[in-house]
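# Breakdown of the fold
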Protein chains: 2
Amino acid sequence: MNKLGKQTIKFDSPPTITEVASIVGPKESQGPLAKYFDKCLDDEFWGEKTWEKAESKIIKETVNMAIAKSNIASSDIDFCFAGDLLNQCISSSFGLREINIPFFGVFGACSTFVESMCLGSVFIDAGAAKNVLCSTSSHFCSAEKQFRFPLELGNQRPPTSQWTVTGSGAAVLSKDGNGPFITHITPGKIVDMGIKDANNMGAAMAPAAFDTLITHFEDTGRKPSYYDVILTGDLGYIGKDIVKDLCKTKGYNISGNYNDCGVLIFDKSTQDTHSGGSGCACIGTVFSGYIYKQLQEKKINKVLLVATGALTNATSSQQGESIPRNSPRHSNRKLKEDNPVPNCPILLN
Amino acid sequence: MNKLGKQTIKFDSPPTITEVASIVGPKESQGPLAKYFDKCLDDEFWGEKTWEKAESKIIKETVNMAIAKSNIASSDIDFCFAGDLLNQCISSSFGLREINIPFFGVFGACSTFVESMCLGSVFIDAGAAKNVLCSTSSHFCSAEKQFRFPLELGNQRPPTSQWTVTGSGAAVLSKDGNGPFITHITPGKIVDMGIKDANNMGAAMAPAAFDTLITHFEDTGRKPSYYDVILTGDLGYIGKDIVKDLCKTKGYNISGNYNDCGVLIFDKSTQDTHSGGSGCACIGTVFSGYIYKQLQEKKINKVLLVATGALTNATSSQQGESIPRNSPRHSNRKLKEDNPVPNCPILLN
């Protein structure tokens with residue numbers, strides 16, 4: 001691999017996203033993407049006594065499903081990269097304590113899934129691994145309890161707030177395979193524009209997504225139109241508009257092919273989620289469910305995945321801190337087509 | 001790089017640990033290693049209003065010091081890998097929000113520093129980076145408040161408990177340099193032996209340290225005597241004895257050259273820390289202070305660094321969960337000697 005421009009890494013032998021899996025909660029199961037997920041749960045507990053234990057079960061079963069679908073023995077998976085939103089990432093560590101795969105804990109808030117895939121891709125292209133596992137989870141109930149208010153209080157949520165997705169996404173990346181490939185990554189910087197409202201994550205994260213998007217375009221010399229889909233996660237409705245406007249100020253028009261996972265996962269008119277979805281599982285499930293299947297079916301071929309995470313906790317908000325860090329990571333996924341047709345070119349580069 | 005045995009990665013062009021820095025709190029400043037640290041603070045707040053803000057300042061200043069000492073422009077550092085013990089790793093993200101270096105958030109509890117160096121080493125040997133920054137922090141007061149009891153309660157601590165180190169360690173790793181080198185890493189698995197006592201981390205982590213130690217010896221074909229120092233972090237007195245006993249059951253005698261950072265950092269007879277030190281900063285400061293200087297002065301040449309982290313949070317303990325995950329990572333550091341003398345051989349391999 002080699003460095004391209006300021007922040008981008010270009011892989012020599014791009015890793016294949018061999019298989020993915022996704023499990024979602026009841027609200028997501030009523031949303032517009034329901035048919036793309038592998039499993040839709042009809043209650044938040046899934047037979048467990050606490051939301052935290054339920055979340056651990058969700059990531060555990062999602063990971064097991066991804067491994068089973070990949071037809072790769074779990075003993076042939078060299079490393080696992082995972083993290084989540086719960087304090088000290090306990091959903092991942094409890095959920096994955098039995099998988100017996102060397103483990104790297106990752107924390108990028110809502111960017112964790114893409115951060116895991118970035119790290120996993122580097123390990124594979126470097127020859128350190130043949131197969132790696134990347135995963136994340138989030139749970140509306142455990143997240144609200146931890147970051148905001150006890151659900152039992154029945155607090156009103158402001159219009160800027162987003163709804164943490166309950167679910168998990170997992171991906172197996174491999175050295176050998178026929179794509180979709182991860183060809184480039186552009187790890188982002190921490191950007192803090194001084195937003196202090198823990199109920200307006202979209203506004204906090206948009207400047208970071210913008211910063212990394214522009215860097216990616218400059219590093220690669222590509223224009224937004226190069227991609228079939230540019231997908232952020234999870235800016236929601238408010239953050240999505242901000243990113244579009246910010247890109248325009250730099251002369252990049254992303255309106256034609258840009259969307260956000262937080263906008264896609266819930267129906268605005270029938271599901272009351274205010275500014276859309278969020279949480280580690282938002283981009284995790286939208287990619288592992290909806291986007292991956294579209295890549296497989298060659299409905300889309302070139303995807304730029306831009307994950308951001310708000311780096312805050314309950315204590316820091318109480319102490320008057322802003323929400324500094326968004327951790328955008330770009331992953332450029334492209335589908336290799338063994339028998340190329342005009343609209344599905346081989347895009348490995 | 002290539003895979004060696006089950007879990008070990010051997011680097012083709014081992015990264016150099018170009019420079020390190022360490023800052024510690026007042027208790028550590030009275031301990032036996034005080035003279036090795038770059039800066040010793042005489043109060044826990046360092047002019048800040050909260051312990052969390054103080055911890056962020058400590059990691060920020062440590063990182064700035066490591067960069068300054070390295071004589072590498074911060075614009076020439078490609079990526080930063082960092083994390084800490086606070087919920088959502090806010091010490092790192094607030095402390096490092098101004099460094100303007102692409103950022104990977106890492107969570108391995110007390111193994112975070114070594115986990116960061118493992119990831120950074122892979123990026124460098126892979127050609128993805130020329131220089132990376134690795135860092136972590138912990139703070140006794142913020143950790144006690146978050147994981148156990150408010151300090152104001154004045155709770156008695158049980159004899160098995162360990163004392164979270166206040167401080168930060170940082171390292172700059174580089175492609176080019178004359179060592180000390182990181183030649184191998186052995187990322188560990190999550191090991192859960194069912195220990196549920198949040199005041200006995202040493203017993204929870206010892207089986208994981210043992211598991212990865214044995215794997216490292218088997219993967220590399222080395223014996224414990226190959227190393228000048230085998231150093232775990234942070235099992236404390238109780239965990240240290242358990243690891244020694246466990247190794248004996250597999251025929252490995254590590255008694256001669258083995259020690260633990262939690263045992264080294266405080267004086268048992270004069271500093272009342274019960275089972276020793278712990279926290280992300282324990283191995284972070286002991287390595288960046290004491291061990292690195294011994295490598296530089298060639299008092300030791302071959303070091304096996306074994307970091308473990310207890311994967312628990314306050315909620316999981318209240319819900320009766322065990323402390324499942326220890327995340328041991330081994331890093332084999334060796335000093336290259338340009339003009340080798342008998343007791344300082346060139347050890348790059």
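Residues numbered from 1 in each chain as written. Chains lettered and ligands numbered in written order. Predicted model: local features only at pLDDT ≥ 70, side-chain atom pairs only at ≥ 80, totals over all residues.

Glancing now at the pairing of strand E14 (residues 302-307) of chain A. Both faces of the sheet carry side chains from a regular strand, because those side chains alternate between them. Residues and elements named next belong to chain A. When you tally the buried positions in E14, you get six out of six residues, the bulk of the element. Burial along E14 is two-sided: the residues Lys 302, Leu 304 and Val 306 and Val 303, Leu 305 and Ala 307 are all buried. Bridge count for strand E11 (residues 229-233) against E14 is five bridges, and the pairing is parallel. Among the inter-strand pairings, Val 229 is bridged to a residue of E14, identified as Val 303. (Buried ≥ 20, exposed ≤ 12 C-beta atoms within 10 Å, placed from the backbone. Helix = DSSP H or I, 4+ residues; strand = E, 2+ residues; numbered from the N terminus. Pairing = 2+ DSSP bridges.)

Least-squares fitting of chain A to chain B yields an RMSD of 0.0 Å, with the superposition described by an axial translation of 0.0 Å and a rotation of 180°. Put plainly, the chains are arranged around a two-fold axis. Take the interface residues of chain A: 100% of them recur as interface residues in chain B, which is what a same-surface contact looks like. (Least-squares fit on C-alpha atoms with pLDDT ≥ 70 in both. Contact = placed C-beta atoms within 7 Å.)

Looking now at the interface of chain A and chain B. Between chain A and chain B, the residue contacts involve 51 residues of the former and 51 residues of the latter. Of all elements in the fold, only strand E1 (2-4), strand E5 (79-84), helix H3 (90-95), strand E6 (103-105), helix H4 (112-126) and helix H10 (314-318) of chain A reach the threshold of two or more residues within the side of chain A that touches chain B. If you tally residues by element for the side of chain A that touches chain B, the top one is H4 of chain A, at six residues. For the side of chain A that touches chain B, the residue count by class is 23 nonpolar, 18 polar and 10 charged. (Nonpolar A, V, L, I, M, F, W, Y, C, P; charged D, E, K, R; others polar.)

Attention now goes to the pairing of strand E9 (residues 167-174) of chain B. All names here are of chain B. By the criterion of burial, E9 is predominantly enclosed, with eight of the eight residues buried. Relative to E9, strand E3 (residues 16-24) is paired through eight bridges, and the arrangement is antiparallel. Each bridged residue has a counterpart across the sheet, and for Ser 22 the counterpart in E9 is Gly 169. Pairing analysis gives eight bridges linking strand E7 (residues 131-138) to E9, with the strands arranged antiparallel. Within E9, the residue paired with Asn 131 across the bridge is Ser 174.

Residues and elements named next belong to chain A. Split by domain assignment, chain A resolves into domain 1 (2-174) and domain 2 (181-334). Summarising the inter-unit geometry, the C-alpha centres of domain 1 and domain 2 are found 17 Å apart. Between domain 1 and domain 2, the contact holds 59 residues from the first and 60 residues from the second. At the level of secondary structure, the elements contributing two or more residues to the side of domain 1 that touches domain 2 comprise strand E2 (8-10), strand E3 (16-24), helix H1 (26-29), H4, strand E7 (131-138), helix H5 (140-147), strand E8 (163-164) and strand E9 (167-174). It is H4 that contributes the most residues to the side of domain 1 that touches domain 2, seven residues altogether. Its residues placed into classes, the side of domain 1 that touches domain 2 shows 28 nonpolar, 23 polar and eight charged. (Domains from an automatic or database assignment.)

Before going further, it helps to spend a moment on unusual backbone geometry. Pro 180 of chain A follows Gly 179 of chain A through a cis peptide bond whose omega is 0°. Topologically, Pro 180 of chain A is positioned in the loop between E9 and strand E10 (181-187). Here the amide bond leading from Gly 233 of chain B into Asp 234 of chain B is cis, since omega sits at 0°, within 30 degrees of zero. You can see Asp 234 of chain B is positioned in the loop between strand E11 (229-233) and helix H7 (236-249). Unlike most non-glycine residues, His 274 of chain A shows phi in positive territory, near 55°. Overall, the presence of 18 C-beta atoms within 10 Å leaves His 274 of chain A in the partly exposed class.

A few words now on the packing of helix H6 (residues 201-220) of chain A against helix H7 (residues 236-249) of chain A. Residue and element names in this part refer to chain A. Interaxial distance between H6 and H7 falls to 8 Å at its minimum, and their mutual angle equals 35°. The two elements H6 and H7 cross, and the hand of that crossing is right-handed. Here H6 contributes Gly 202, Ala 203, Met 205, Ala 206, Pro 207, Ala 209, Phe 210 and Leu 213 to the contact with H7, which in turn contributes Gly 236, Ile 238, Gly 239, Ile 242, Val 243, Leu 246 and Cys 247. Grouping the constituent residues of the contact of H6 with H7 by class yields 12 nonpolar, three polar and no charged. (Axes fitted to C-alpha atoms, helices over the stretch in contact; angles between N-to-C directions. Left-handed = near helix turned anticlockwise from the far one by under 90°.)

This part covers the packing of helix H4 (residues 112-126) of chain B against helix H9 (residues 280-296) of chain B. Where H4 of chain B meets H9 of chain B, the closest approach of the two axes is 7 Å, and the angle between their N-to-C directions is 65°. Taking contact as the criterion, the partners of Thr 112, Phe 113 and Val 114 of chain B in H4 of chain B are, on H9 of chain B, Cys 280, Ile 283 and Gly 284 of chain B.

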